[in-house]
Amino acid sequence: MEYLLTLKILRSMDDIQIREATLTDLPVLLKFQQGVVDYERPYDPTIAPDPVSYYDLKDLILDSEVVVLVAVSENRLIGCGLGMEKEGRRYLNHKTYAYLGLMYTDPDFRGMGVNAKIIEALKQWALSKGLYEMRLTVYSDNISAIKAYEKTGFKKHIIEMRLAE
């Protein structure tokens, strides 16, 4: 029985659609955002107590300069990610770059390539805007996320360090 369930899930992965988020997706996206916060909290003792929001999702969905994408399988939202253009530091060889964030996959669908599909769509969005430099942030101890991003072509670049007394 478990084998048949696995086959059904694997077959349905071919049916995953990536599309732009709408305001009707907002309740699920807010849950996904909280899932990101909850997942990252053990890596960062400086995250404030709940409620915490990394992004104003409603404003981002409505912002024509930002793309918020969702992954959908059988009319169920199973993942998300966003892309926005950010200014590079003045000493870098690029004026702007694509920042990718809000990367989340429903736990039932992790390890099945959902994140890779979202990132591929975000890469296409970035390239369409002439953004050839793409960056995201990930906690150095979040090995599973680092491996997932490396599979899509990202490379470790810099480590931010902190000192707390």
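Residues numbered from 1 in each chain as written. Predicted model: local features only at pLDDT ≥ 70, side-chain atom pairs only at ≥ 80, totals over all residues. Heavy atoms only, no water.

Caption draft 1: Examining the overall build of the protein more closely. Looking only at helices and strands, the protein has five helices and five strands in total. Put simply, the protein runs from its N terminus to its C terminus through helices and strands in the order α-β-α-α-β-β-β-α-β-α. Counting the 165 residues in the protein, one finds 39% classified as buried. By sequence separation, contacts in the protein at least 24 residues apart represent 59% of the contacts at least 6 residues apart. About 11100 Å² of surface is accessible on the protein, with carbon and sulfur atoms providing 53% of the total. (Helix = DSSP H or I, 4+ residues; strand = E, 2+ residues; numbered from the N terminus. Buried < 20%, exposed > 50% of the residue type's maximum accessible area, 1.4 Å probe, protein only. Contact = heavy atoms within 4.5 Å. Areas by Shrake-Rupley, 256 points an atom, 1.4 Å probe, with all protein chains shown as cover.)

Caption draft 2: Highlighting helix α5 (residues 143-151). When α5 is considered as a whole, its buried residues turn out to be A145, I146 and Y149. The arc enclosing the buried residues of α5, seen along the axis, measures out at 100°, which places them on a common side. Among the exposed residues of α5, those pointing more than 90 degrees away from its buried face are K147 and K151. On its buried side, α5 packs onto β4 (96-105) and α4 (114-128). Looking at the residues trailing α5, positive phi occurs at G153, about 110°. (Arc of directions from axis to C-beta.)

Caption draft 3: Broad picture of the environment of A121. As for its position among the elements, A121 is in helix α4. Contact partners of A121, with chain neighbours within four places excluded, come to I18 and L69.

Caption draft 4: Quick look at α4. Counted at 1.5 Å a residue, the expected span for α4 with its 15 residues is 21 Å, and the 21 Å between its end C-alpha atoms agrees. Among the residues making up α4, those that are buried are V114, N115, I118, I119, L122, W125 and A126. In an axial view of α4, the angular spread of the buried residues amounts to 125°, which keeps them on one side of the axis. Residue G130 follows α4 closely and has a positive phi angle near 75°. (Expected span 1.5 Å × (residues − 1).)

Caption draft 5: Layout of the pairing of strand β3 (residues 76-87). In this structure, strand β2 (residues 66-73) lies alongside β3, joined through eight bridges in antiparallel fashion. If you follow S73 over to β3, its bridge partner there is R76. Across eight bridges, β3 lies against β4 in antiparallel orientation. Opposite G83, over in β4, you have L100 as the bridge partner. (Pairing = 2+ DSSP bridges.)

Caption draft 6: Quick look at the confidence of the model for the protein. Confidence in the prediction for the protein averages 90 pLDDT; 90% of positions are at 70 or higher. Ranking the helices and strands of the protein by mean pLDDT puts helix α3 (residues 57-62) first, with 98, and helix α1 (residues 2-12) last, with 47. A low-confidence stretch, residues 3-9 (pLDDT under 50), is modelled with one contact involving residues beyond four sequence positions or located in other chains. (pLDDT = per-residue confidence, 0-100.)

Caption draft 7: Seen up close, the pairing of β4. Along β4, nine of the ten residues are buried, which leaves the element largely enclosed by surrounding structure. Taken together, the two bridges between β4 and strand β5 (residues 134-135) define a ladder with parallel strand orientation. Following the sheet pairing, A98 is matched in β5 by M134. The handedness of the β4 to β5 crossover, carried by α4, is right-handed. (Right-handed = clockwise from strand over helix to strand, strands pointing away.)

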